[in-house]
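Here is what each chain is made of, one letter per residue.
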Amino acid sequence: MIYNFCRGVLRIFYKLVFRLEPIGLEHIPQEGGVLLCSNHISLFDPPTIGIMLKRKVHFMAKKELFDIVGFGWLIKQFGAFPVKRGGVSKESIKQSLLLLRNGHVIGIFPEGTRSKGEETVGKKGAATFALRSNAAVIPVAIIGNYRWFRKMRVVYGPPVDLTEFKENGGPDAAELATAKIMESIRELKKQ
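Residues numbered from 1 in each chain as written. Predicted model: local features only at pLDDT ≥ 70, side-chain atom pairs only at ≥ 80, totals over all residues. Heavy atoms only, no water.

Trainee: Outline the overall build of the chain, supporting the account with residue identities and numerical values.
Mentor: Within the chain one finds seven helices and seven strands. For the chain, the N- to C-terminal ordering of α and β elements is α-β-β-α-β-α-β-α-β-α-β-β-α-α. Out of the 191 residues in the chain, the part that is buried amounts to 43%. Total accessible area computed for the chain in this model is approximately 10600 Å², and 57% of it derives from carbon and sulfur atoms. (Helix = DSSP H or I, 4+ residues; strand = E, 2+ residues; numbered from the N terminus. Buried < 20%, exposed > 50% of the residue type's maximum accessible area, 1.4 Å probe, protein only. Areas by Shrake-Rupley, 256 points an atom, 1.4 Å probe, with all protein chains shown as cover.)

Trainee: Which residues make up the sheet that holds strand β6 (residues 136–143), and what are the values?
Mentor: Strand order in the open sheet formed by seven strands is β1-β7-β6-β2-β5-β3-β4, with mixed pairing between adjacent strands. Edge strands, defined here as strands with exactly one partner in the open sheet, are β1 (20–23) and β4 (80–83). Neighbour-to-neighbour, the strand axes of the sheet open up by a mean angle of 25°, direction not taken into account. The pairing of β6 with strand β7 (residues 152–156) spans four bridges and is classified as antiparallel. Across the sheet, the residue bridging to Val 140 is Tyr 156, located in β7. (Pairing = 2+ DSSP bridges. Axes fitted to C-alpha atoms, helices over the stretch in contact; angles between N-to-C directions.)

Trainee: How would you summarise the environment of Ala 141 if you had to cite specific residues and measurements?
Mentor: Locating Ala 141 in the fold gives a position in strand β6. In the structure, Ala 141 is positioned 48 residues away from Lys 189 in sequence and 5.4 Å away in space, judged by C-alpha atoms. Look past the residues within four positions of Ala 141 in its chain and what remains in contact with it is Asn 39, Arg 153, Val 154, Val 155, Ile 185, Leu 188 and Lys 189. (Contact = heavy atoms within 4.5 Å.)

Structure below.
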């Protein structure tokens, strides 16, 4: 209930202040596990890619945020779950796979950190989740710079087909799948 209320408020705010225009919402499956893979330019990005969807979007958030009184509770209500920074968190991996296999939506930033406009290499986490869960992978591009009353777009592309990497498996499967996901995001950014 809190999620739906806040999503409604943020939709209005983002449409008025950032003039946010969603493109390609029809590409997002209405059921089943979905992995939204987006470029990352600002702390505003998680709401940007999630508020226009009908489905709740879950995100990993650094563990320290959950220690802030009140804020930790709030971001849990929004579907966030903790991840330890600087290392592999088995708990966050298990949680991500569980959510995807149970038909939920997760938003992830394959770059792993915010980029300043330069092209970055994606980390293999998103591809690994996709290959292990069979979730649909939707590339997302955030276009704009969060300046007040300047138009921004969030573009959702068609699902990225990772079948060739699932079938062949090989040691390079996650790396090759990551490259394909990142290329899909780069193509959307040209729109």
